[in-house]
Amino acid sequence: MIIVKPYWVEHHGTPIFSIDAHPDGKRLATCGGDSNIKIWNIEPISDELMEEDADDISNKGTTTTTRTPKLLYSINYAHSKSINSVKWSKDGRYLASVSDDRECIVWTLSPFQSANTPEIWTSFVSLKGHSGDITDVIWSPDNQYLATCSLDKTILIWETTKFGIIKKLEKQKKFINGISWDPMGKYLISQSDGLISIWNTVNWNCEKVIKDVVGGFDLKSFFLRSSWTPDSKYFISTQGFNKNNHSAILMGRDNFINNDDDDDDDDNNGNDDTFELVGHMDVVSVSKCSPIIFKDNSNNYFSLILLGSVDSTFSLWLSPPTTTTIDTNNSIKRPQPQLIMVCKQVFKNTVQDVSWCPDGLSFFVCSIDGTIVYVSLKLHEISDGSLQPINHREKQQFFKKSYNFNLPNEIELFIHKRNQKPTKPITATTQEVLSIQKQSTTLTGKKRITPVTY
């Protein structure tokens, strides 16, 4: 296991509210209280040798040498107020950000280059529609929709062709602190203080409201970032609290989605396929699962679950397997989630967000104290060595067998296909350019100069 805390990833001493790794595994986006968005190069963070070869970062956020860049670009004053969340689109083409200024801005990589920064990210479209602070943003699994939620108690659904609003979800009674999309794209779940709402994405109706499972005390976190396991079996709710214990709650998909006979206001008590991940000393504010599904030698499937808390710690769990067993008394034996690690004394304040890298074994964590941590695991560190990741074809077979759902092929990465590695700034001198510049003379005596390209 490798744990790295890069001192140079910062937002001028202000809190870092959100963090997201690019689908190509080479870029990292952060945002915070300074109203800036920063795009970092992951290589100097994950590789010690690359960090030693990396450049320094000046006060203006530009690179000072031609070595491996740490900071790829800083979008200064991207919003007029604090930025609460950043999320890459599934193909890596866009970066969406939301803020207290009530705007969602979608950014894209500019085709132009600069002598001062390796990359340039520019505003593609600004989305306005909320009347309150926007707390979260998320892209749908198929990249066709973008959802934003707000303290105005609404969720806006935007289509991603022309970025127009197609639906406004308004049946909320409380501020909305986070949203999460089902891996199959069939459901969108929003979480408020003590309230979970389940929305059907076919007709955009609120199918169920779950109460009395989360909350029950003063909300200590501005964000409640819940998630799904990649096999779509469990929804992991934050802000769990039971018998004086803070927890995250794993709620089985079948128990609270397919049970159509229940009243919308019924809670989730009594369901067998519900687990509590207990151990944090304060509110669990964020959960996020590895994008990889793991399989053991008995064809049981598992997920890695990462939790962050107001108590400034984060923990890693292994989900229960997808199968159950019957003991000698003919009763169902329910395997429990397994705690893999707890990381303490890394942060001085609330864990605000977490993000997994595409490899499914490394992740980032950010805190309100203005710092981040990178953790990289090995397979043998999460099990006895029997777990192996499944590929996308096996994942498609799993979804077809388990849900009769045709999981689409992997989305082709837009930026990764065009540019395998972050570009370095052009630093050639005038003399160097003139030495390789091509010049010819036409029949009329005019000089023709061929531009130099890099």
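Look above for the structure.
### Some details on the pairing of strand β20 (residues 245–252)
Phase 1 of the analysis: Within β20, seven of the eight residues are buried, leaving the element largely enclosed by the surrounding structure.
Phase 2 of the analysis: By the bridge criterion, seven bridges tie strand β19 (residues 234–242) to β20 in an arrangement that is antiparallel. Looking at the pairing, Ile-236 lines up with Leu-250 of β20.
Phase 3 of the analysis: Sheet topology note: the β20/strand β21 (residues 274–278) ladder contains five bridges and is antiparallel. When the bridges of β21 are listed, Ala-248 appears paired with Leu-277.

### With respect to the pairing of strand β10 (residues 134–139)
Phase 1 of the analysis: Across the six residues that make up β10, a large majority, six, are buried.
Phase 2 of the analysis: Sheet topology note: the β10/strand β11 (residues 145–150) ladder contains five bridges and is antiparallel. From the neighbouring strand, Asp-136 faces β11, where its bridge partner is Cys-149.
Phase 3 of the analysis: Between β10 and β11, which follow one another and run antiparallel, lie five residues, and Asn-143 among them has a positive phi close to 70 degrees.

### Focus: the sheet that holds strand β23 (residues 294–295)
Phase 1 of the analysis: Strand order across the open sheet formed by three strands is β24-β23-β33, with antiparallel pairing between neighbours. The open sheet terminates on both sides in strands that have one partner only, identified here as β24 (301–302) and β33 (388–389).

### Looking at the packing of aromatic side chains
Phase 1 of the analysis: Summed over the entire model, instances satisfying the criterion amount to 22 aromatic pairs.
Phase 2 of the analysis: Here Phe-398 and Tyr-403 contribute two aromatic rings whose centre-to-centre distance is 6.4 Å and whose plane-to-plane angle is 80 degrees, an arrangement assigned as edge-to-face.
Phase 3 of the analysis: Judged by its relative accessible area of 8%, Phe-398 is buried.
Phase 4 of the analysis: By the ring-pair criterion, three or more aromatic residues cluster together here, those being Tyr-301, Phe-398, Phe-399, Tyr-403 and Phe-405.
Phase 5 of the analysis: The ring of Phe-223 carries the charged tip of Arg-225 above its face, separated from the ring centre by 4.0 Å.
Phase 6 of the analysis: The ring of Tyr-403 carries Arg-253 above its face, with NZ or CZ at 5.6 Å from the centroid.

### Description of the environment of Gln-345
Phase 1 of the analysis: You can see Gln-345 is positioned in the loop between β29 (338–343) and β30 (351–356).
Phase 2 of the analysis: Using a relative accessible area of 80% as the deciding quantity, one classes Gln-345 as exposed.

### Structural notes on unusual backbone geometry
Phase 1 of the analysis: You will see that His-12, though not glycine, has its phi angle at about 55 degrees, which is positive.
Phase 2 of the analysis: Positionally, His-12 belongs in the loop between β1 (2–4) and β2 (16–21).
Phase 3 of the analysis: With a phi angle near 60 degrees, Gln-239 is a residue other than glycine that sits in the positive phi range.
Phase 4 of the analysis: Note that Gln-239 resides in strand β19.
Phase 5 of the analysis: Among the residues examined, Gln-239 registers a relative accessible area of 0% and is labelled buried.

### Concerning the sheet that holds strand β18 (residues 227–228)
Phase 1 of the analysis: Overall, antiparallel pairing links the four strands, which are arranged β18-β19-β20-β21 in an open sheet. Only two strands of the sheet have a single partner each, and these edge strands are β18 and β21.

Here is what the cut-offs are and how they apply
Residues numbered from 1 in each chain as written. Predicted model: local features only at pLDDT ≥ 70, side-chain atom pairs only at ≥ 80, totals over all residues. Heavy atoms only, no water. Buried < 20%, exposed > 50% of the residue type's maximum accessible area, 1.4 Å probe, protein only. Helix = DSSP H or I, 4+ residues; strand = E, 2+ residues; numbered from the N terminus. Pairing = 2+ DSSP bridges. Phe/Tyr/Trp six-rings, centres within 6.5 Å; stacked < 30°, edge-to-face > 60°. Lys NZ or Arg CZ within 6 Å of the ring centre and 35° of its normal.

So, to be careful, I would describe these as geometric facts and stop short of saying anything about function.
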